[in-house]
Amino acid sequence: MARAARLFASLAALLAAAATGDARPSKIGLRHRREVGGRSAIFNGEDFVLEETDWYLLNLFRLWWHYGISFLRLQMWVEEVMEKFMRIYKYQAHGYAFSGVEELLYSLGESAFVNMTQRSVAESLLQVGVTQRFIDDVVSAVLRASYGQSAAMPAFAGAMSLAGAQGSLWSVEGGNKLVCSGLLKLTKANVIHATVTTVTLQQTEGKPLYHVKYENEVGTGSDYYDIVVIATPLHLDNSSTITFEGFDPPIDVVQGSFQPTVISLVHGYLNSSYFGFPDPKLFPFASILTTDFPSFFCALDNMCPVNVSASFRRKQPQEAAVWRVRSPQPLLRSQLKTLFRSYYSVQTAEWQAHPVHGPRSPLPRFVLHDQLFLLNALEWAASSVEVTAVAAKNVALLAFNRWYQDLDKIDQKDLMHKVKTEL
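Owing to the predicted nature of the structure, the values given are computational and were not obtained by experimental measurement. (Residues numbered from 1 in each chain as written. Predicted model: local features only at pLDDT ≥ 70, side-chain atom pairs only at ≥ 80, totals over all residues. Heavy atoms only, no water.)

1. Regarding the environment of K315
Selection rule: A helix here means a DSSP run of H or I that spans at least four residues, while a strand means a run of E at least two residues long, and both kinds are numbered starting from the N terminus. By definition, residues are in contact when any of their heavy atoms lie within 4.5 Å.
By secondary structure assignment, the location of K315 is in the loop between β10 (299–302) and β11 (321–327). Separated by 238 residues in the primary sequence, K315 and W77 place their C-alpha atoms 38 Å from one another. Excluding residues within four positions of it along the chain, K315 makes contact with A320 and A321.

Dropping the structure here:
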């Protein structure tokens with residue numbers, strides 16, 4: 001029961017970015033950012049359907065009172081999925097790789113994992129006894145905060161998102177971007193700061209040779225490579241899609257689109273009256289998740305600096321603070337006035353954050369050509385920092401095994417048995 005209660009008690013942690021995988025602080029000189037306490041709540045457009053308190057047992061009681069044992073059933077479902085997903089680290093430690101997303105998922109959870117990419121979160125949870133009310137109130141709020149989508153999204157991607165509400169995520173002091181720059185520095189890679197425009201198959205006899213053309217503000221350039229890894233989405237809506245020449249059959253792009261996401265950083269005074277607190281001094285929450293209503297924003301949370309000093313404290317509710325608002329579209333002035341009594345500044349970032357997750361058949365493949373690979377194939381099944389790290393290592397192992405023709409390490413069946421015999 002204690003583990004199940006963490007699902008609600010750490011909803012605020014869902015909104016914090018995580019550094020995962022092999023990017024351990026000691027390896028690239030990073031440290032955990034100090035955690036700053038704050039309570040969370042779920043808002044349905046009119047009132048709060050669930051509120052976190054400072055008392056663990058009261059949080060547990062509220063979950064049980066409102067939803068019975070649905071939260072426990074959800075926890076068991078997520079843990080079962082994650083337990084199987086974690087097998088990938090053991091497989092990769094032994095050098096095994098997979099040519100496609102379906103092969104990778106099947107090795108972890110057989111047909112059940114593959115089917116989870118075709119059926120919805122709601123359908124899967126109803127089947128294990130989670131109530132529709134809990135799905136509408138809590139599950140949908142978590143999915144909206146992470147993916148901006150509903151419980152109609154595929155179950156596998158949904159399970160990865162719900163696993164993020166377990167309270168084990170953490171942020172990097174100085175900003176999570178330091179994970180990327182730190183790893184890049186660690187590899188001592190020769191980085192060419194340019195945009196790739198064309199990949200041409202230059203040599204077809206023996207091992208292939210790829211001619212890569214690129215351009216930057218200085219001009220254009222090109223070079224020849226034995227192995228090429230595409231680490232950007234290839235889909236119809238991507239205006240910057242790389243052109244592939246000389247391939248027969250042509251290189252396929254994914255038939256899908258990406259989810260637009262807008263983050264607005266607002267420095268101002270929260271309109272607590274909108275959330276049912278006429279006196280701003282009494283507003284107790286640092287993070288607000290939403291159900292499907294209101295539709296103009298998905299989540300709202302009080303931001304802390306990337307460097308949190310020992311003396312740092314959150315602003316009082318009646319004081320001006322920096323709030324992060326996640327929304328599917330840029331906020332209108334009227335919507336900003338709905339959320340804030342007044343504000344000093346608004347900084348907005350808009351990007352295509354992740355795929356619009358839906359049933360997809362066939363699932364994408366990592367291998368586009370003999371030694372041409374697509375790292376982003378896995379994000380069409382689930383999108384997160386950890387999933388991307390898994391995909392990257394899979395592609396690295398796949399390229400290595402294919403180059404040295406170690407085919408026994410590719411797309412093998414019954415890997416759990418094989419790995420046990422190798423120990």
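2. With respect to the pattern of salt bridges
Threshold: For this analysis, a salt bridge means a side-chain nitrogen from Lys or Arg found within 4 Å of a carboxyl oxygen belonging to Asp or Glu.
Considering all chains together, one arrives at seven salt bridges under this definition. Between E80 and K84 there is a salt bridge whose closest N-O contact spans 3.8 Å. Here E80 and its partner K84 are both found in helix α5 (residues 70–85), four residues apart, which amounts to about one turn of the helix. With a closest N to O distance of 3.5 Å, R119 and E123 form a salt bridge.

3. Section: the domain arrangement of the protein chain
Our working definition: Domain borders in the structure are assigned automatically or taken from a domain database.
We note that the domain assignment places domain 1 (176–257 + 359–381) and domain 2 (258–355) within the protein chain. Measuring from the centre of the C-alpha atoms in domain 1 to the corresponding centre in domain 2 gives 36 Å.

4. Digging into a nonpolar patch on the surface
Where we set the bar: Like-charged residues within 9 Å of one another, or nonpolar side chains (Val, Leu, Ile, Met, Phe, Trp, Tyr) within 5 Å, are grouped into patches, provided each residue has over 30% relative accessible area and no salt bridge. Using a 1.4 Å probe, accessible areas were evaluated by the Shrake-Rupley method; residue-level cover was limited to the displayed protein chains.
Nonpolar side chains collect at one region of the surface, where W55, L58, F61, W64, W65 and I69 lie side by side and expose about 710 Å² of accessible area between them. Here W55 shows up in the loop between β2 (48–51) and α4 (56–67).

5. Overview of the packing of α4 against helix α9 (residues 132–147)
Selection criterion: As a rule, the C-alpha atoms of each element are fitted with a line to give its axis, helices using only the stretch in contact, and angles between N-to-C directions run from 0 to 180 degrees. Note that the term roughly parallel is reserved for angles under 35 degrees, roughly antiparallel for angles over 145, roughly perpendicular for angles of 65 to 115, and oblique for everything else. Classification used: nonpolar for Ala, Val, Leu, Ile, Met, Phe, Trp, Tyr, Cys and Pro, charged for Asp, Glu, Lys and Arg, polar for all others including Gly.
Remark: α4 packs on α9, axes separated minimally by 10 Å, with the N-to-C direction vectors making an angle of 135 degrees. On the basis of their axis angle, the class for α4 and α9 is oblique. Along the contact surface, α4 presents L63, H66 and Y67, while α9 presents R133, F134, D137 and V138. Taken together, the residues that form the contact of α4 with α9 break down as four nonpolar, one polar and two charged.

6. Notes on the sheet that holds strand β14 (residues 372–374)
Our working rule: A pair of strands counts as paired when DSSP detects no fewer than two bridges linking them.
In space, the three strands of this open sheet follow the order β6-β14-β13, with mixed pairing throughout. The open sheet has two edge strands, β6 (228–230) and β13 (367–369), and neither has a second partner. Across the sheet, the axes of successive neighbouring strands diverge by a mean angle of 25 degrees, strand direction being ignored. As defined by bridge partners, β6 adjoins β14 across three bridges and the pair is classed as parallel. In the strand pairing of β14, V229 is matched with F373.

7. Focus on helix α10 (residues 155–163)
Helical periodicity: at 3.6 residues per turn, an α-helix aligns residues three or four positions apart in one direction. Under the convention used in this document: Between buried and exposed lies partly exposed: a residue is buried under 20% and exposed over 50% of the maximum accessible area for its type, with that area taken using a 1.4 Å probe on protein chains only.
Most of α10 sits out of view: nine of its nine residues are buried. All buried positions along α10 are accounted for by A155, F156, A157, G158, A159, M160, S161, L162 and A163.

8. A look at the side chain of R326
Rules: Under the convention used here, Asp and Glu are negative, Lys and Arg are positive, and both His and the chain ends fall outside the count. Throughout this description, a polar contact denotes any pair of N or O atoms lying within 3.5 Å of each other; where both atoms belong to protein, one of them has to be capable of donating a hydrogen while the other can accept it, and for residues adjacent in sequence the pair is counted only when both atoms sit in side chains.
Summarising the element assignment, R326 is placed in strand β11. Here R326 occupies a buried position and makes no salt bridge, while the nearest side chain of opposite charge, D301, is found at 9.4 Å. Within the local environment of R326, its side chain forms a polar contact with the side chain of T261, the two groups lying 3.4 Å apart. Not counting residues up to four positions away in its chain, the partners in contact with R326 are R144, A145, S146, Y147, G148, T261, V262, I263, F297, C298, A299 and H354.

9. A word on the packing of α5 against helix α7 (residues 101–116)
The line we're drawing: Each crossing is labelled by how the near helix is turned from the far one, with a counterclockwise turn of less than a right angle marking it left-handed and a clockwise turn marking it right-handed.
Packing of α5 against α7 brings their axes to within 10 Å, and their N-to-C directions diverge by 125 degrees. One finds that α5 runs oblique with respect to α7. Considering how the two elements wind past one another, α5 and α7 form a crossing that is left-handed. Residues W77, V81, K84 and F85 of α5 form the contact with α7, whose participating residues are L108, G109, F113 and M116. Residues of the contact of α5 with α7, tallied by class, amount to six nonpolar, one polar and one charged.

10. Things to note about unusual backbone geometry
For the bond running from D248 to P249, omega is 5 degrees, close enough to zero to count as cis. Within the element layout of this structure, P249 appears in the loop between β7 (243–245) and β8 (258–270). A cis amide bond, omega 0 degrees, links S361 with the succeeding residue P362. Relative to the helices and strands, P362 is located in the loop between β12 (340–355) and β13. Non-glycine residue E110 carries a positive phi angle of around 50 degrees. Note on placement: E110 falls in helix α7. Take E110: its relative accessible area is 53%, and that puts it in the exposed class. The residue K188 is not glycine, and still its phi comes out positive at about 55 degrees. Tracing the backbone shows K188 in the loop between α11 (177–187) and β3 (195–203). Look at K188 and you get exposed, because its relative accessible area is 75%.

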